[in-house]
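Below are the chains, spelled out letter by letter.
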Amino acid sequence: MSSDTRSVIIKGTGSYAPEKILSNDDLAKLVDTSDEWITARTGIRSRRIAADDEYASDLGSKAAARALEDAGITAEEVDIVIVATITPDMPFPSTACIIQAKLGVGNALCMDIEAACSGFLYIAEVASSLLKNGNYKHALIIGTEKLSSILDWEDRTTCVLFGDGAGAAILSLSDEPNTGLIDFKLGADGKNSELLHMPGGGSAVPASTNSLETRQHFLKMRGREVFKSAVRVMEQSAIEILDQNQLNANDIKCVIPHQANLRIIESLSNRLELPLDKFYLNLDKYGNTSAASIPIALDEAYRTGRLKSGDIILMVAFGAGLTWGASLLKWR
Ligand code: ACO
């Protein structure tokens with residue numbers, strides 16, 4: 001726990017999911033799969049798909065506008081914009097700069113950070129540190145993904161798992177000690193990067209006729225190995241952050257897990273001895289939205305009355321990199 005007497009609180013949240021719903025039955029018309037297989041193996045029943053002319057910055061801007069409204073601050077008051085995404089509008093400029101312009105944010109510090117599905121926890125810690133150490137008051141942090149743009153719609157082992165969406169939060173400094181974002185425990189292991197990656201489109205495999213023909217511009221995943229690592233590191237980071245703060249599972253009122261697979265979350269629930277009904281779940285509606293998954297779930301949990309003032313909330317994530325993280329949040 002930080003010794004700084006000031007805290008960083010989540011002053012507002014917002015989320016946005018594109019209109020188009022793609023059900024498991026719809027997917028069964030595209031690839032050799034079934035509603036039964038997808039539901040039993042993942043818990044996912046449908047996902048949202050952005051329109052062709054709707055980009056990660058558009059989804060993110062809509063979620064951010066709702067977060068600003070919830071926080072009761074204007075775009076001009078934002079000092080920092082940080083976006084977590086693996087599906088930026090383009091390699092550069094950053095999606096944060098594009099969102100800044102779309103929302104009418106002033107000359108704030110703007111950047112993207114890429115930590116895949118752990119991205120929201122990574123940007124929350126970075127923004128939190130900047131607020132505590134710099135001359136800033138309000139940070140807008142956004143997890144936004146248009147994963148449909150990098151899915152191989154001929155690969156049934158991946159295309160059934162993911163969806164599009166965005167979630168955002170306004171982080172603000174508070175003079176009240178030990179509240180808000182209390183602590184973080186983030187980590188990564190780059191040795192296993194090939195378990196989940198998109199090889200094409202960067203300096204290693206720039207776009208070429210060959211890279212297109214060999215389908216390098218799509219997400220690739222070794223699902224079973226990712227599953228095993230996910231359960232292990234999510235449990236480890238959750239236990240470490242609880243120990244570090246002298247808390248136990250009973251102190252946690254709500255868990256906001258990365259929404260990748262219901263079986264991963266059930267396994268985490270067993271290992272942490274935290275009942276499943278303490279976990280906020282929405283993966284049945286959205287699938288895995290990577291960096292957007294935790295902020296969408298947090299916003300929904302708050303707006304449906306699951307979070308009460310003073311509740312200790314555990315957020316826990318895992319993603320490509322491999323990256324992982326846990327965070328403790330005392331609700332405002
Ligand atoms: N429909 C029907 N059958 C399928 C499908 C499908 N969509 N996908 C795979 N299968 C088949 C496989 O081909 C295999 O068939 P076989 O036995 O004849 O070879 C069989 O189903 C079992 O495949 P497994 O991969 O062993 O299935 P598993 O139970 O491991 O479930 C899954 C696969 C859902 C991908 C699981 O491993 C998983 O969720 N892994 C974690 C993925 C994850 O969380 N990724 C996100 C990380 S976050 C980020 O940073 C983006």
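Rules of the game
- Residues numbered from 1 in each chain as written.
- Predicted model: local features only at pLDDT ≥ 70, side-chain atom pairs only at ≥ 80, totals over all residues.
- Heavy atoms only, no water.
- Phe/Tyr/Trp six-rings, centres within 6.5 Å; stacked < 30°, edge-to-face > 60°.
- Helix = DSSP H or I, 4+ residues; strand = E, 2+ residues; numbered from the N terminus.
- Buried < 20%, exposed > 50% of the residue type's maximum accessible area, 1.4 Å probe, protein only.
- Lys NZ or Arg CZ within 6 Å of the ring centre and 35° of its normal.
- Domains from an automatic or database assignment.
- Contact = heavy atoms within 4.5 Å.
- Buried area = accessible area lost by both parts, 1.4 Å probe.
- Polar contact = N/O pair within 3.5 Å; in protein donor to acceptor, adjacent residues only side chain to side chain.
- Near = heavy atom within 4 Å.
- Areas by Shrake-Rupley, 256 points an atom, 1.4 Å probe, with all protein chains shown as cover.
- Nonpolar A, V, L, I, M, F, W, Y, C, P; charged D, E, K, R; others polar.
- Axes fitted to C-alpha atoms, helices over the stretch in contact; angles between N-to-C directions.
- Parallel < 35°, antiparallel > 145°, perpendicular 65-115°, else oblique.
- Left-handed = near helix turned anticlockwise from the far one by under 90°.
- Core = buried A, V, L, I, M, F, W, Y, C linked by side-chain atoms within 4.5 Å.

## A word on the packing of aromatic side chains
Under the criterion given, the structure shown has one aromatic pair. Here the aromatic rings of Tyr302 and Trp331 are separated by 5.4 Å at their centres, their planes lie at 50 degrees, and the arrangement is tilted. In this pair, Tyr302 sits in helix α11 (residues 293–303) while Trp331 sits in the segment after β13 (323–330), placing the two residues 29 residues apart along the sequence. A residue is classified by how much of its surface remains accessible, and Trp331, at 4% relative accessible area, is buried. Its guanidinium or amino end placed over the ring of Tyr302, Arg332 lies 4.7 Å from that ring's centre, counting from NZ or CZ.

## Notes on the domain arrangement of the chain
According to the domain assignment, the chain consists of domain 1 (7–177) and domain 2 (181–330). The centre of domain 1, based on its C-alpha atoms, is set 14 Å off from the matching centre of domain 2. Contacts between the two partners involve 50 residues from domain 1, matched on the other side by 45 residues from domain 2. Buried area between domain 1 and domain 2, summed over both chains or domains, comes out near 3800 Å², and the portion from carbon and sulfur atoms is 61%. Looking only at domain 1, the three residues that lose the most surface to domain 2 are Cys117, Leu121 and Tyr122, adding up to 18% of its buried area.

## Re the environment of Tyr302
Using a relative accessible area of 22% as the deciding quantity, one classes Tyr302 as partly exposed. As for Tyr302 and Leu247, which are separated by 55 residues in sequence, their C-alpha atoms are 22 Å apart. Side chain to side chain, Tyr302 and Asp70 meet in a polar contact 2.7 Å long. One polar contact links Tyr302 to Arg332, side chain to side chain, over a distance of 3.0 Å.

## Details of unusual backbone geometry
Note the cis peptide between Phe92 and Pro93, where omega equals 0 degrees. Take Pro93: it is sitting in the loop between β4 (80–84) and α4 (95–103). For the peptide bond that leads from Gly321 to Leu322, omega is -10 degrees, which places it in the cis range. Of note, Leu322 is situated in the loop between β12 (312–319) and β13. Non-glycine residue Ala116 carries a positive phi angle of around 50 degrees. Here Ala116 falls in the buried class, since its relative accessible area comes to 2%. Of note, Arg215 is a non-glycine position whose phi angle comes to about 60 degrees, a positive value. According to the relative accessible area criterion, Arg215 is partly exposed, its value standing at 29%.

## Description of the site of the ligand
Around the ligand, the surrounding shell holds 27 residues, and the nearest of these are Thr33, Arg41, Cys117, Arg224 and Asn261. Gly223 has a polar backbone atom sitting 3.0 Å from a nitrogen atom of the ligand. Burial of the ligand by the protein amounts to 77% of the accessible area it has alone, namely 1000 Å². At the level of elements, α2 (35–42), α6 (156–159), α8 (223–244), α9 (262–272) and β12 are the ones that each hand at least two residues to the shell around the ligand. When the residues that make up the shell around the ligand are grouped by side-chain class, the tally is 14 nonpolar, eight polar and five charged.

## A closer look at the packing of α8 against α9
Running from amino to carboxyl end, α8 crosses α9 at an angle of 40 degrees, the nearest separation of the two axes being 10 Å. The orientation of α8 with respect to α9, classified from their angle, is oblique. Considering how the two elements wind past one another, α8 and α9 form a crossing that is right-handed. Residues Phe227, Ala230, Val231, Arg232, Met234, Glu235, Ala238 and Ile239 of α8 lie in contact with α9, whose contacting residues are Arg263, Ile264, Ser267, Leu268, Arg271 and Leu272.

## Here's the deal with the nonpolar core
A general tendency of soluble globular proteins is for nonpolar side chains to be buried together. Formed by 47 residues in total, the largest nonpolar core has its most connected members in Leu219, Ile252, Val255, Leu274, Leu314, Phe318 and Leu328. Broken down by secondary-structure element, the contributors of at least two residues to this core are α8, α9, β12 and β13. At eight residues, the largest contribution of residues to this core is made by α8. Two domains each put at least three residues into this core: domain 1 (7–177) and domain 2 (181–330). Setting aside residues no more than four positions away along its own chain, Val255 makes contact with Leu274, Lys278, Phe279, Tyr280, Leu314 and Val316. In terms of nonpolar packing, the next biggest core, distinct from the first, is built from 34 residues, Ala115, Tyr122, Ala139 and Leu171 among them.

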